[in-house]
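So the chains spell out like this:
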Amino acid sequence: MDYARFVRLRRPVWEAFEAQLADVRGSRGSRGGLRSADYGTLEDMALRYRQVLHDHALAAARFPGTAAARRLQALALEGTRRLTGEGRQSAAGPRTFFTRTFPRAFQRQLRLLGVAVALFLLAAVWGLTVAALRPAVGYAFLGPEAIRGLEEGRLWTSSLVSTMPPAVSSSWIATNNLSVALTAWSGGVLAGLVPLYVILLNGLMLGAILGVTLHYSMAGELLQFISAHGMLELTLILVTATAGLSLGRALVAAGDRPRAQAAREASRDALAVLLGCLPWFVVLALVEVFVSPSPDVPAGVKLLLGLALEGAFLALALRPQETAPESPEPAA
């Protein structure tokens, strides 16, 4: 059986099972979901569930990576959760979101995140190379005042927090970082062009600024300043930009799914990823105000803090999730 015929013949069963799961979700708050269903409904749902498990195993073996395989995996997982564990499910809350919803959405975008990281690194290398050969290019990113500071042997970073109270500084930094993330995320609706621009621009800026500080022998001081917050900050920007790219990809290349369905699925994941990243921006703002510019904090402590923050975020985002079960038995 070829892929097109497989989808055409099996899709009615999948859609019917999806509709039954939607009815169960909608009735949970009123009459208890499956507990209120009659025997005929449960039997019909169980038969369709078995067919979905069979189709999922078939698609995973013969058509891996296709839209049908992904759809069946999600259906099998949701069906298993509803049919075997509904009575044990707790109400959704922050813990459920950060331990299940966010990691699943993040992990579904890992391949696209790899592409974003590669583009960012290419742009960074390009910016570093150009700035090393022509330092004047980096001046456009820093401005004359920052260049004068470099000529005097000091970084411009000290003025970011010394001219205002810490509470105001942290609020300003968090707002600035969030605006970049929101721009990259929301710009995905424009065929992914805005998040692509944010990725390339940030890579180019990092490389160019690093090249200019190398020219003035201040690169070590810059790396020391950003060691506590820079790794996670760049990671969050790339992750939110990737969420925007996924939305743009769904709009431009929906595959064999209806475009509206692809956009809905991508927007759900993109929103979950964005919400999962937002609290970390607040943490980074506090670190950037109180730790990064402080001469009293040793460079090794700053680096360890930066690694710890990055590790904590990745440990949460890459938290192992249960996978959909597979059934080797054919449907009756």
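Here the residue numbers are simple positions, counted from 1 along each chain's written sequence. With the structure being a predicted model, the display of local features is reserved for residues of pLDDT at least 70 and the display and counting of side-chain atom pairs for 80 or more, all residues being used for whole-chain, interface and lining totals. Note that water and hydrogens are dropped before the side-chain values are worked out from all heavy atoms of the structure.

A. Representation of the packing of helix α4 (residues 94-108) against helix α14 (residues 299-317) in the model. The convention used is that axes are lines fitted to C-alpha atoms, helices contributing only their stretch in contact, and that angles between N-to-C directions extend from 0 to 180 degrees. A run of H or I in DSSP counts as a helix once it spans at least four residues, and a run of E counts as a strand once it spans at least two, with each numbered from the N terminus. As a packed pair, α4 and α14 sit with axes 8 Å apart at the nearest point and diverge in direction by 90 degrees. The orientation of α4 relative to α14 falls into the category roughly perpendicular. In this structure, α4 contributes F98, F102, P103, F106 and Q107 to the contact, and α14 contributes F313, L316 and A317. Gly falls in the polar group here, along with every residue not listed as nonpolar (Ala, Val, Leu, Ile, Met, Phe, Trp, Tyr, Cys, Pro) or charged (Asp, Glu, Lys, Arg). Looking at the contact of α4 with α14 residue by residue, the classes come out as seven nonpolar, one polar and no charged. Put simply, angles under 35 degrees are roughly parallel, angles over 145 are roughly antiparallel, angles from 65 to 115 are roughly perpendicular, and the rest are oblique. Here, residues are in contact when the closest pair of their heavy atoms is within 4.5 Å.

B. Local environment of the packing of aromatic side chains. Working definition: a ring pair exists when centres of Phe, Tyr or Trp rings (six-membered ring for Trp) sit within 6.5 Å. Plane angles under 30 degrees give stacked, over 60 give edge-to-face, the rest tilted. Considering all chains together, one arrives at nine aromatic pairs under this definition. Aromatic side chains F102 and F313 sit 6.1 Å apart centroid to centroid with 55 degrees between the ring planes, which places their arrangement in the tilted category. Of this pair, F102 sits in helix α4 while F313 sits in helix α14; the two residues are 211 residues apart in sequence, bridging distant segments of the chain. The pair formed by F102 and F313 is uniform in burial state, with each residue classed as buried. Grouped by ring-pair contacts, the aromatic residues Y3, F6, W14 and F63 constitute a single cluster. When accessible area is computed with a 1.4 Å probe and restricted to protein chains, residues below 20% of their type maximum are described as buried, those above 50% as exposed, and intermediate ones as partly exposed.

C. Summary view of the pattern of salt bridges. Whenever a carboxyl oxygen of Asp or Glu lies within 4 Å of a side-chain nitrogen of Lys or Arg, that contact is scored as a salt bridge. Applying the stated criterion across every chain yields a total of five salt bridges. A salt bridge links D44 to R48, with the nearest nitrogen and oxygen atoms 2.5 Å apart. Pair noted here: D44 and R48 are both in helix α2 (residues 39-62), with a separation of four residues, about one helical turn. Given a relative accessible area of 30%, D44 falls into the partly exposed group.

D. Region of interest: the layout of surface pockets. Looking at the second largest pocket, its volume works out to about 840 Å³. Definitions used throughout: a 1 Å grid over protein atoms alone; a cavity as a set of points that fits a 1.4 Å probe which cannot get out; a pocket as an open set with protein on both sides within 12 Å along at least five of seven lines; a lining residue as one with an atom within 4 Å of a point. Forming the boundary of the second largest pocket are 26 residues, of which N176, M205, I209, E233 and E288 lie nearest the centre. Those elements giving two or more residues to the lining of the second largest pocket turn out to be α6 (136-142), α9 (166-186), α10 (193-215), α11 (219-226) and α12 (230-252). If you tally residues by element for the lining of the second largest pocket, the top one is α10, at seven residues. Of the residues assigned to the lining of the second largest pocket, the class counts are 18 nonpolar, six polar and two charged. Grid points are joined across faces, edges and corners, and a volume is the space filled by probe spheres set on the points.

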